[in-house]
Amino acid sequence: MATKASAKNFLEVISNRRTIYALSNKQILPNAQLVQLIQSAVREAPSAFNVQSSRVVVILGRVHENYWNEIVPQALLKAAGEKAVEASAGKLKAFAAGYGTALFFEDTKLIKGQQEAYPTYAPNFPVWSDQGSGMAQIYTWALLEAEGYGVNVQHYGNLTASTLKEKLNLPESYDLKAEMVFGYPEAPAGEKTYVPDHERVICFGP
Ligand SMILES: Cc1cc2nc3c(=O)[nH]c(=O)nc-3n(C[C@H](O)[C@H](O)[C@H](O)COP(=O)(O)O)c2cc1C
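Analysis parameters
Residues numbered from 1 in each chain as written. Predicted model: local features only at pLDDT ≥ 70, side-chain atom pairs only at ≥ 80, totals over all residues. Heavy atoms only, no water. Helix = DSSP H or I, 4+ residues; strand = E, 2+ residues; numbered from the N terminus. Rg over C-alpha atoms; globule rule 2.2 N^0.38 Å. Buried < 20%, exposed > 50% of the residue type's maximum accessible area, 1.4 Å probe, protein only. Areas by Shrake-Rupley, 256 points an atom, 1.4 Å probe, with all protein chains shown as cover. Phe/Tyr/Trp six-rings, centres within 6.5 Å; stacked < 30°, edge-to-face > 60°. Lys NZ or Arg CZ within 6 Å of the ring centre and 35° of its normal. Pairing = 2+ DSSP bridges.

Asks: Explanation requested: the overall build of the chain in the structure shown.
Replies: Within the chain, the secondary structure is distributed over 8 helices and 5 strands. Each helix (α) and strand (β) of the chain, taken in turn from the N terminus, gives the series α-β-α-β-α-α-β-α-α-β-α-β-α. The globule rule puts the C-alpha radius of gyration for 206 residues at 17 Å, and the 19 Å found for the chain is close to it. For the chain, the C-alpha atoms occupy an extent of roughly 60 × 45 × 35 Å along the three principal directions. The burial tally for the chain puts 37% of its 206 residues in the buried class. Split by element, the accessible area of the chain, about 12,500 Å² in all, is 55% carbon and sulfur.

Asks: Sorry, what's going on with the packing of aromatic side chains here?
Replies: Within a pair of aromatic rings, the relevant descriptors are the distance that separates the centres and the angle that separates the planes. Per the counting criterion, the structure on display carries 11 aromatic pairs. A ring pair is formed by Phe-49 and Phe-125, whose centres lie 5.5 Å apart and whose planes are at 75°; its orientation type is edge-to-face. Residue Phe-49 is found in the loop between helix H2 (31-44) and strand S2 (54-60), and its partner Phe-125 is found in helix H6 (residues 124-146); the two are separated by 76 residues along the sequence. Look at Phe-49 and you get partly exposed, because its relative accessible area is 45%. Residue Phe-125 is classed as buried on the basis of its relative accessible area, which comes to 0%. Residues Trp-68 and Tyr-156 carry aromatic rings whose centres are separated by 5.7 Å and whose planes lie at 80° to one another, so their mutual orientation is edge-to-face. Of this pair, Trp-68 sits in helix H3 (residues 61-80) while Tyr-156 sits in the loop between strand S4 (150-154) and helix H7 (157-168); the two residues are 88 residues apart in sequence, bridging distant segments of the chain. Here the guanidinium or amino end of Lys-26 rests over the ring plane of Tyr-184, the centre of that ring lying 4.1 Å away.

Asks: Help me understand the pairing of strand S3 (residues 100-107), please; the structure alone is not making it clear to me.
Replies: Moving residue by residue along a regular strand, the side chains alternate between the two faces of the sheet. Of all the 8 residues making up S3, 8 are buried; the element is thus mostly covered by neighbouring parts of the structure. Burial along S3 is two-sided: the face carrying Gly-100, Ala-102, Phe-104 and Glu-106 and the face carrying Thr-101, Leu-103, Phe-105 and Asp-107 are both buried. Strand direction decides the pairing type here: S2 and S3, joined by 7 bridges, are antiparallel. The residue bridging Val-58 from the neighbouring strand is Ala-102, located in S3. Taken together, the 8 bridges between S3 and strand S5 (residues 174-185) define a ladder with antiparallel strand orientation. Counterpart to Asp-107 in the pairing with S5 is Tyr-174.

Below, the structure written as structure tokens:
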């Protein structure tokens, strides 16, 4: 059962979750434990009508490096030219230097199934699918951070998904939503400013 102590711990975990770009590939958890951690986060994330459409592919070592050193630069070159690759080279190298990447997909086959089963809400299901992916991502991000990883989230999926799916033999129905890079945090997160709470959350009543 939840307690005041668990609320305090949860707030501490979510307050510590930040975007960290300076990563190395120093190991933190054994790989099996790392994958289990991500499985737990994704399992507990809520989804519309409990569809559980998030699918996560964890890439480590050579596969992770190949993504950031080869697949993304080649896709960028094709889509935006040499200058775009040069401009992103430092960032991509920093992602490759991390320990791994969790690729967050949504299985669109399940979303289409929902649209057919509940036509009244058909336009909403893709939106809820995106939201569900975000929920799986934030649980994963926070849990990784709580275990001592540095994490950042990237979005090159529109350029790289087809190559990735072919290379990793993933179903055609998988839609890549985000790439979560993680590793040993070599430097803290940058400064962050906050909009005042009272501008973002207000209350009427009772
Ligand atoms: C939906 C979403 C998309 C984001 N996309 C990117 C991205 O493509 N690249 C990136 O470096 N950070 C991305 N971020 C990270 C945000 O820039 C970051 O969360 C924000 O500046 C607040 O910093 P914090 O994560 O340290 O709290 C994204 C965050 C969210 C929630």
